[in-house]
Amino acid sequence: MSTRPARALPSGPIRQHRGRGVAVVGTDIDTDRIIPARFLKCVTFDDLARGAFADDRTELGGAHPFDRSVHQEASVLVVNSNFGCGSSREHAPQALMRWGIRALIGESYAEIFFGNCLAMGIPCLSAEPATVRALQEAIAADPGAELLLDLEALEVELESEFVGANRWPVHLDPGPHQMLVSGQWDATSQLVAHDAELTATATALPYLNGFR
Amino acid sequence: MSAGTLYDKVWDLHRVADLPGGSTQLFIGLHLIHEVTSPQAFAALRDLGLTVRHPERTVATVDHIVPTTSQARPFADPLAEEMLATLEANCSAHGITLHGLGSGRQGIVHVIAPELGLTQPGMTVACGDSHTSTHGAFGAIAFGIGTSQVRDVLSSQSLAMGKLKVRRIWVDGRLQRGVFAKDLVLHIIRTLGVKGGVGYAYEFAGPAIEALSMEERMTLCNMAIEGGARCGYVNPDATTFAYLQGRPHAPSGEAWERAVAWWSHLASGPDAVFDHEVRFDAAAIAPTITWGITPGQGIGVDETVPTLEQTAPEERPLAQEAYRYMDLQPGSPIAGTPVDVCFIGSCTNGRLSDLQAAAAVAKGRQVAAGIKAFVVPGSEQVAAAAEAEGLDAVFTAAGFEWREPGCSMCLAMNPDRLEGRQVSASSSNRNFKGRQGSASGRTLLMSPAMVAAAAITGCVTDVRELLAA
Ligand code: SF4
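Since the model is a prediction, treat every value here as computed from it, not as a measurement.

Novice: I'm lost on the packing of helix H13 (residues 352–362) of chain B against helix H16 (residues 448–457) of chain B in this one. Help?
Specialist: Packed helices, taken two at a time, are described by the angle between their axes plus the distance between the axes. Residue and element names in this part refer to chain B. Relative to each other, H13 and H16 sit at 30 degrees, their axes nearing to 8 Å. In terms of their interaxial angle, H13 and H16 are classed as roughly parallel. Like other packed secondary-structure pairs, H13 and H16 cross with a definite hand, here right-handed. Along its contact with H13, which presents Asp-354, Ala-357, Ala-358, Val-361 and Ala-362, the element H16 presents Pro-448, Ala-449, Ala-452, Ala-453 and Ile-456. Residues that form the contact of H13 with H16 fall into these classes: 9 nonpolar, no polar and 1 charged.

Following this line, the structure appears as structure tokens:
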């Protein structure tokens, strides 16, 4: 069914990514569209790639960007505004990641979606509408061109013999930025390390102490 | 920067540590879990060799996948059965209380925690479900999280969070007869947009909000997330305390007085500073209904589907997509639009007062020919209370089906779903493409009373006409 390459899941510091782009155009694309609820009947995330945009893909009968042969190796998803709104389901970014996506560039994201991606080591970079439009046009003109994301400099570069070389700034808030480039995007180990502080906070909370 | 708001006070009380990168480690006072977003979190915990830090602060129920006709085990759907069995095994392995089917306390997670008195003012509440914002009705800071964060809460009873800005939404006046909290929140989202709340917590305040019951406040806060705000809240007041008193997990005896004093001082004070404020007039709001494919595409029932010219330029591509998908003509009245399926339920509108409002419309009338209409109580307790006052009989006499509690056709992970291009009048919270189980199914969101009116007439109808008759 698919010729997509197996790609390692994110680990460690995320400073750079190089890969082809795939554009999914439209505002307010919700997580029900990214993965319809019937695919949520599972107890592991392993098999979710097949659910990515499933209903949109059926509706478009092979013409969806995720089905087009030129995009099968893509790893950078380019989107418009409020991407990932709606349900908190982590199945949505998991489905994208397991399909092969390793970074997103878009006008804006819903907060829970952004946080879910961060916890998986998938940067959601924001960019000016003009940048997103330029990227979408460049991907349409030359789907084989590679995007180079520089997470440290917060820039995206595109090199293509058809559309020329270009470089645009992208944005990431300082907190998530630092977490990704330092490799501390997976919060669990930091949270469990503060056990004494956690006990102190809990001890001072009236509702845990009979409101004394 | 906001200051002196309930949000600020609760945030400060729950700070554990500052994390590298500028986020804050926040203690989570109440963690709610269900079968859909927890299995992978427990698996990750096992892989990391971690345990559950505070099993007594996590409470589980089963809601999304349960059938609403027969709940006999094993379920007919083996995947649903596997999900429930996995939740049962995880809860028993980690000492977590599970309010399972037939316990008398099962139901939609956002319905049961308030009715058990688990949700209280001043708490931080997290759940792997975006409608966790519901619990803000109590003056809690409550937000939805993803599965990786469910793992974090299980392992550390805390989360890495960034602080939100606070917008006060002040509502003057009173809602008219036949206009409900659902209409109010659809109106707010229609006005501020589905991304208007991104980066904000919404504080709902003002005379119209103070006049709302706790169940109405839950409807309002439930849909804060549909306006992009990760959490929404109402300051705790006498209505809040009256609701909580005597509930199984509410404080009692001397602790009750101390609790009320503490809760009262958490409310945003007169000198509170907000990052942004907006005002609405409740009296000007009509029964509101969505015509499109996001909860922001709403109009009064007496209005027409907006034309492209009436739509802001940046919203036009979405409007065009919605005309096509919904097969509605711009400029045509929404009233009179035929419907096929009428669904009353969900964490937005599956509580006792919702069923009472719908039953008041259905009583003595008949569901129109060819319409499938069904009522799914939000919890076993809601079902029992409704049956005790005979609402089930009112509904069944009118031709509605009376079902077992669960999420049902809100997201259609169980057998309740739209077929093909069916149009549903739904009291739930999302009208996204494909949301109700058919990739081409269409959803019109409205209040439970409006759903009942649509069931009776077979088309979108201003419920005020039926209430007057
Ligand atoms: S009723 Fe709907 S929105 Fe509420 S928890 Fe269930 S599926 Fe989610």
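Novice: Even after reading the chapter, I still don't get the pairing of strand S8 (residues 158–161) of chain B, so can you show me in this structure?
Specialist: All names here are of chain B. Burial along S8 is two-sided: the residues Ser-158 and Ala-160 and Leu-159 and Met-161 are all buried. In this structure, strand S2 (residues 24–27) lies alongside S8, joined through 4 bridges in antiparallel fashion. Each residue of the ladder has a partner; that of Phe-27, found in S8, is Ser-158.

Novice: Looking at this model, I keep getting lost on the state of the cysteines. Mind explaining?
Specialist: By definition, a disulfide links the sulfur atoms of two cysteine residues through a covalent bond. Under the counting rule described, the total for this entry stands at 0 disulfides over all chains. In this structure Cys-42 of chain A is not part of a disulfide, and its nearest cysteine sulfur, from Cys-407 of chain B, lies 16 Å away. Here Cys-42 of chain A falls in the buried class, since its relative accessible area comes to 14%. Here Cys-85 of chain A stays unpaired: no disulfide links it, and the sulfur of Cys-124 of chain A, its closest cysteine neighbor, is 13 Å away.

Novice: For this particular structure, what's the right way to read the sheet that holds strand S17 (residues 401–402) of chain B?
Specialist: To summarise the sheet geometry, strands pair through backbone hydrogen bonds and adopt either a parallel or an antiparallel arrangement. Residues and elements named next belong to chain B. If you trace the 5 strands from one edge of the open sheet to the other, you get S17-S16-S15-S18-S19, paired in parallel fashion. This sheet does not close on itself; its edge strands, each paired only once, are S17 and strand S19 (442–445). Both strand S18 (residues 423–426) and S19 contribute to a ladder of 4 bridges, which runs parallel. Each bridged residue has a counterpart across the sheet, and for Ala-425 the counterpart in S19 is Leu-444. Strands in contact with H16 are strand S15 (341–344), strand S16 (372–375) and S18; relative to S15, the strand with the most contacts, it is inclined by about 150 degrees.

Novice: When you look at the site of the ligand in this model, what are you seeing that I'm missing?
Specialist: Residues and elements named next belong to chain B. Around the ligand, the neighbouring residues are His-64, Ile-108, His-110, Asp-129, His-131, Ser-346, Cys-347, Cys-407, Cys-410, Leu-411, Asn-429 and Arg-435. Residue composition of the shell around the ligand, by class: 5 nonpolar, 5 polar and 2 charged. Shared between two domains, the shell around the ligand holds at least three residues of each, these being domain 1 (18–161) and domain 3 (288–468).

Novice: I keep staring at the pattern of salt bridges and nothing clicks. Help me out?
Specialist: Think of it this way: side chains of opposite charge can pair up when their charged atoms draw near. With the rule as written, the count across this model stands at 33 salt bridges over all chains. Here Asp-186 of chain A and Arg-151 of chain B are joined by a salt bridge, their closest N and O atoms 3.0 Å apart. Here Asp-186 of chain A, found in the loop between helix H6 (174–182) and helix H7 (188–193), pairs with Arg-151 of chain B, found in helix H5 (residues 147–156), and the two come from separate chains. Under the relative-accessibility criterion, Arg-151 of chain B is labelled buried at 9%.

Novice: Explanation requested: the packing of aromatic side chains in the structure shown.
Specialist: Two measures describe an aromatic ring pair: the distance that separates the ring centres and the angle between the ring planes. Applying the stated rule across the entire model yields 16 aromatic pairs over all chains. For the ring pair Phe-83 of chain A and Phe-113 of chain A, a centre distance of 5.3 Å and an interplane angle of 85 degrees mean the geometry is edge-to-face. Placement of the pair is Phe-83 of chain A in the loop between strand S2 (76–79) and helix H3 (91–99) and Phe-113 of chain A in helix H4 (residues 111–119), with a sequence separation of 30 residues. Look at Phe-113 of chain A and you get buried, because its relative accessible area is 2%. Ring geometry for Trp-256 of chain B and Trp-263 of chain B: centres 5.6 Å apart, planes at 85 degrees, overall edge-to-face. Here Trp-256 of chain B falls in the buried class, since its relative accessible area comes to 7%. An aromatic cluster of at least three residues, connected via ring pairs, comprises Tyr-207 and Phe-211 of chain A together with Phe-241, Trp-256, Trp-262 and Trp-263 of chain B. The side chain of Arg-73 of chain B reaches across the aromatic face of Phe-75 of chain B, ending 5.4 Å from its centre.

Novice: Got a minute to help me understand the interface of chain A and chain B in this structure?
Specialist: It is common to give the size of an interface as the accessible area lost on bringing the parts into contact. Taken together, the 53 residues of chain A in the interface contact 72 residues of chain B. Buried surface at the junction of chain A and chain B, both sides included, amounts to about 5,100 Å², of which 59% is carbon and sulfur. On the chain A side of the interface with chain B, the three residues burying the most area are Lys-41, Tyr-207 and Phe-211 of chain A, jointly 15% of the side's total. Between Arg-53 of chain B and Asp-195 of chain A there is a salt bridge whose closest N-O contact spans 2.6 Å. Mapped onto the side of chain A that touches chain B, the elements with two or more residues apiece are helix H1 (31–34), helix H2 (54–60), H4, H6, H7 and helix H8 (195–203) of chain A. Among the elements that take part in the side of chain A that touches chain B, H8 of chain A stands out by supplying 6 residues, more than any other.

Each value, and the rule that gives it
Residues numbered from 1 in each chain as written. Chains lettered and ligands numbered in written order. Predicted model: local features only at pLDDT ≥ 70, side-chain atom pairs only at ≥ 80, totals over all residues. Heavy atoms only, no water. Axes fitted to C-alpha atoms, helices over the stretch in contact; angles between N-to-C directions. Helix = DSSP H or I, 4+ residues; strand = E, 2+ residues; numbered from the N terminus. Parallel < 35°, antiparallel > 145°, perpendicular 65-115°, else oblique. Left-handed = near helix turned anticlockwise from the far one by under 90°. Contact = heavy atoms within 4.5 Å. Nonpolar A, V, L, I, M, F, W, Y, C, P; charged D, E, K, R; others polar. Buried < 20%, exposed > 50% of the residue type's maximum accessible area, 1.4 Å probe, protein only. Pairing = 2+ DSSP bridges. Disulfide = S-S within 2.5 Å. Near = heavy atom within 4 Å. Domains from an automatic or database assignment. Salt bridge = Lys/Arg side-chain N within 4 Å of Asp/Glu carboxyl O. Phe/Tyr/Trp six-rings, centres within 6.5 Å; stacked < 30°, edge-to-face > 60°. Lys NZ or Arg CZ within 6 Å of the ring centre and 35° of its normal. Buried area = accessible area lost by both parts, 1.4 Å probe.

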